[in-house]
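# Tertiary structure, described
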Amino acid sequence: MATKTNKTETSGKVSEKVDAARTYLEEAKAEIKKVTWPTKAEVRVTTLAVLILVTIMSLFLGVVDFGLVTAVKHILALGM
């Protein structure tokens, strides 16, 4: 047998969820106001540092890859 759901019971659950969502958004807004955002100069410096590091690492890994490929070719050539 099916049970009937009380309309006030359902609206109470919805109201609780809306209140919870409102509380969450208010708290999130308060936390965002506490954030110390970087200045444009700080963003430029850190971006430049990241780009330099990525360039250095890609060059390093490229050299290592080239060396390993060359080593494997020499090892395989010895077997033939």
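These figures come from a predicted structure and were not determined experimentally. (Residues numbered from 1 in each chain as written. Predicted model: local features only at pLDDT ≥ 70, side-chain atom pairs only at ≥ 80, totals over all residues. Heavy atoms only, no water.)

## Digging into the overall build of the protein
The condition that has to hold: In DSSP terms, a helix is any run of H or I states spanning at least four residues, a strand is any run of E spanning at least two, and both are numbered starting from the N terminus. Whether a residue is buried, partly exposed or exposed follows from its accessible area with a 1.4 Å probe, protein chains only, as a fraction of its type maximum: under 20%, in between, or over 50%, in that order. To measure how exposed things are, a 1.4 Å probe is used in the Shrake-Rupley method; for residues, cover is taken only from the protein chains shown.
A count of helices and strands for the protein gives 2 helices and 0 strands. Buried residues in the protein amount to 0% of all 80 residues. A total accessible area of about 7900 Å² is found for the protein, and carbon and sulfur atoms account for 70% of it.

## Description of the pattern of salt bridges
As a reminder, the rule being used: Within this document, salt bridges are pairs made up of a side-chain nitrogen of Lys or Arg and a carboxyl oxygen of Asp or Glu, the two lying within 4 Å of each other.
Considering all chains together, one arrives at 2 salt bridges under this definition. For D19, the salt bridge is made with R22, and the minimal N-O distance between the two is 3.5 Å. Of this pair, D19 and R22 both sit in helix 1 (residues 7-34), 3 residues apart, roughly one helical turn. Given a relative accessible area of 40%, D19 falls into the partly exposed group. R22 sits in the partly exposed class, given a relative accessible area of 47%. We note a salt bridge from E31 to K34, for which the minimum N-O separation is 3.2 Å. Pair noted here: E31 and K34 are both in helix 1, with a separation of 3 residues, about one helical turn.

## Side note on a nonpolar patch on the surface
Which entries qualify depends on this criterion: Nonpolar side chains (Val, Leu, Ile, Met, Phe, Trp, Tyr) are joined into patches within 5 Å and like charges within 9 Å, using only residues with over 30% relative accessible area and no salt bridge.
Nonpolar side chains collect at one region of the surface, where L53, M57, F60, L61, V64 and L68 lie side by side and expose about 580 Å² of accessible area between them. Here F60 is to be found in helix 2 (residues 40-79). Its relative accessible area of 49% is what places F60 among the partly exposed residues.

Geometric values such as these leave the question of function open.
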